[in-house]
Amino acid sequence: VGKNLTATVVFQLVEEGIIDLDDSLYQWLPVLPNIDSTITIQQLLDHTSGVYHFLDDPSVIPEVFSDPDKYWTQEDVISTFVHNPYFSPGNGFHYSSTNYILLSMIIEEATGSDFPVAMENQLGDIDKLEHTYFSWSDTIPGDFAHPWYDLDHDGTLDDALHIFKTAVASVSFGTGGVISTAGDMASWM
């Protein structure tokens, strides 16, 4: 859900002439570790950037779950979990959620708004969706499926909602971090 909405906002900004698919990262973002600044917005969208998929780092889950109240910035995620690229930009394909973290940073820079605000401003129809929430900024009612995970490694699954509403939601900035229903997404599409 999050990547779909993030890509939609990127294409809206292209239609508005604010950004261009051929824009390089250096036009929008500061130098970031292990990120080639010549990568284009198009390469982020189609996963040909070569950028390391931060979820491939085996320490992500243990580290994020070890401090469930921590709010991770996009820069924190990149500096902690993004390693050397898989290939140079445009020379392969590798699915990478990090691409969408970078796109969320570009959206913030292009709009001058925090990501949740930019998303809500750009996606005007999102207000009509009664069961769609940006989990990093909205108050989420309790009447939806909760994530379950063996938090204490005792063999029993624990309700992990509190972790997903803070630490996991912030780590998934631009990639996930949206909670919705199938009905709302079908209506929005």
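Refer to the structure above for everything that follows.
Residues numbered from 1 in each chain as written. Predicted model: local features only at pLDDT ≥ 70, side-chain atom pairs only at ≥ 80, totals over all residues. Heavy atoms only, no water.

Q: How should I be thinking about the overall build of the protein chain in this particular structure?
A: When you go through the protein chain residue by residue, the secondary structure sums to 8 helices and 4 strands. Starting at the N terminus and walking to the C terminus, you meet the elements of the protein chain as α-α-α-α-α-α-β-β-β-α-β-α. Residues classed as buried in the protein chain amount to 48% of the 189 residues present. Put simply, of all contacts in the protein chain between residues at least 6 apart along the chain, 69% involve residues at least 24 apart. For the protein chain, the exposed area adds up to about 9,100 Å²; of that, 52% sits on carbon and sulfur atoms. (Helix = DSSP H or I, 4+ residues; strand = E, 2+ residues; numbered from the N terminus. Buried < 20%, exposed > 50% of the residue type's maximum accessible area, 1.4 Å probe, protein only. Contact = heavy atoms within 4.5 Å. Areas by Shrake-Rupley, 256 points an atom, 1.4 Å probe, with all protein chains shown as cover.)

Q: Can you help me understand the packing of aromatic side chains in this one?
A: Any aromatic ring pair is given by two values, namely how distant the centres are and how the planes are angled relative to each other. Overall, the coordinates contain 2 aromatic pairs when judged by the stated rule. Considering the side-chain rings of Y52 and Y86, the 5.3 Å spacing of their centres and the 20° angle between planes classify their relative orientation as stacked. Separated by 34 residues along the polypeptide, Y52 in the loop between α2 (41–45) and α3 (60–66) and Y86 in the loop between α4 (74–81) and α5 (98–111) bring together distant segments of the chain. On the basis of relative accessible area, Y52 is assigned to the buried category, the value being 12%. Summarising the aromatic geometry, the rings of W72 and F81 are spaced 5.2 Å apart at their centres and angled 40° between planes, so their arrangement reads as tilted. Like W72, the residue F81 is buried in the burial classification. Over the face of the ring belonging to W72 we find K70, whose NZ or CZ atom lies 3.8 Å from the ring centre. (Phe/Tyr/Trp six-rings, centres within 6.5 Å; stacked < 30°, edge-to-face > 60°. Lys NZ or Arg CZ within 6 Å of the ring centre and 35° of its normal.)

Q: Can you walk me through the environment of Q74 in this structure?
A: Along the polypeptide, Q74 turns up in helix α4. Only 3.4 Å separates the side chain of Q74 from the side chain of S104, close enough to count as a polar contact. Polar contacts involving the side chain of Q74 include one to the side chain of E108, which spans 3.4 Å. (Polar contact = N/O pair within 3.5 Å; in protein donor to acceptor, adjacent residues only side chain to side chain.)

Q: I'm lost on the nonpolar core in this one. Help?
A: Soluble, globular proteins show a tendency: their nonpolar side chains are buried together. In terms of nonpolar packing, the biggest core is built from 44 residues, with I35, I41 and L102 touching the most fellow members. Of all the elements in the fold, those that place two or more residues in this core are α1 (2–15), α2, α3, α4, α5, α6 (115–122) and α8 (182–188). The element that contributes the greatest number of residues to this core is α5, accounting for 8 residues. Setting aside anything within four residues of it in sequence, one finds I41 in contact with V10, I19, D20, L21, D23, W28, L103 and I106. (Core = buried A, V, L, I, M, F, W, Y, C linked by side-chain atoms within 4.5 Å.)

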